[in-house]
Amino acid sequence: QVQLVQSGAEVKKPGASVKVSCKASGYSLTSHYMHWVRQAPGQGLEWMGIINPGDGTTNYPQKFQGRVTMTTDTSASTVYMELSSLRSEDTAIYYCARSYAIKRPLDSWGQGTLVTVSS
Amino acid sequence: QSVLTQPPSASGTPGQRVTISCSGSSSNIGSNIVNWYQQLPGTAPKPLIYNNNQRPSGVPDRFSGSKSGTSASLAISGLQSEDEADYYCAAWDDSLNNPVFGGGTKLTVL
């Protein structure tokens, strides 16, 4: 069955970067887009961007442009999300989630990765 | 502030029917499909309703979705204690060129 397994929790200092991985199994990574969505403590869901693992093209909302980078390693069936210049407001659970096409529903989600930014 | 507007909370007693609303605009709900996600405490969101009113396999038919104009609704009939969760609506926004979410509704089963 489809599974998205994310890397473990991270604790980072302000100004540092974090790289979260999302390993896909049960389907071909290049057949679906991969989104990243985050959830701050007690808050709602916030979309961070999308990558097409087939050709590496990305789309980031203005809020994260210049700070987020999404990449793919197709040989490892893994997608990565790197967020730089971390600040305390970036403390959140980060989820990867796939969709069949750009406007389609997010039909499978990773378990989430808690990133804590603290001095 | 979320682009889609949901009530922050809803409640009902076991067996009751509850509805959760989701209000948007012409650039999102008005021109794209609406999807709903259920987030049980301490877990990742899970697809609940897609394409406005379709249920993924395994989702009980107690859950139903509808859309009219720039608003959508999620209805849960025969409320059960395990339905206590946060519910999020979502839709693509053509102006922002990205998906947008509602702020979430916390459902309490009394």
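Everything here concerns the structure above.
Computed from a predicted structure; not experimentally measured.

Structurally, a disulfide amounts to a covalent bond that connects the sulfur atoms of two cysteines. In the structure shown here, the tally under the stated rule is 2 disulfides over all chains. Between Cys22(A) and Cys96(A) runs a disulfide, and the two sulfur atoms are separated by 2.0 Å. Handedness here is read from the sign of the S-S torsion; for Cys22(A) and Cys96(A), about 75°, the answer is right-handed. Of the two residues, Cys22(A) is situated in strand E3 (residues 18-25) and Cys96(A) in strand E9 (residues 92-99); the sequence distance between them amounts to 74 residues. What pairs with Cys22(B) in a disulfide is Cys89(B), and their sulfur atoms sit 2.0 Å apart.

All names here are of chain B. Taken in spatial order, the 3 strands of this open sheet run E2-E6-E5, and their pairing is antiparallel. Each edge of the sheet is formed by a strand with only one pairing partner; in this case those strands are strand E2 (18-23) and strand E5 (63-68). With strand direction ignored, the average angle separating the axes of adjacent strands in the sheet is 20°. Alignment of E5 against strand E6 (residues 71-76), held across 6 bridges, turns out to be antiparallel. Residue pairing for E6: Ser 64 is matched across the bridge by Ala 75.

Here we come to unusual backbone geometry. In the Ramachandran plot, Ser85(A) falls in the positive-phi region, its phi being about 50° despite a non-glycine side chain. Mapped onto the elements, Ser85(A) comes out in the loop between strand E8 (78-83) and E9. On the basis of relative accessible area, Ser85(A) is assigned to the partly exposed category, the value being 40%. Phi angles above zero are rare outside glycine, and Asn52(B) is one such case at about 75°.

Cut-offs applied
- Numbers given to residues run from 1 along each chain, matching the order in which its sequence is written.
- To read the labels, note that chains go from A and ligands from 1, taken in the order they are written.
- Under the rules for a predicted model, residues below a pLDDT of 70 receive no local features and side-chain atom pairs below 80 are neither given nor counted, while totals for whole chains, interfaces and linings still include all residues.
- Processing note: side-chain calculations cover all non-hydrogen atoms of the structure and skip hydrogens and water entirely.
- Sulfur atoms of two cysteines make up a disulfide when they are within 2.5 Å.
- Under the scheme used here, helices are H or I runs from DSSP no shorter than 4 residues and strands are E runs no shorter than 2 residues, and both carry numbers assigned from the N terminus.
- Any two strands are treated as partners once DSSP identifies two or more bridges connecting them.
- Between N-to-C directions, angles cover 0 to 180 degrees, with each direction set by a line fitted to C-alpha atoms, over the stretch in contact for helices.
- Each residue gets one of three labels from its accessible area relative to the maximum for its type: buried under 20%, exposed over 50%, partly exposed in between, using a 1.4 Å probe on protein chains only.

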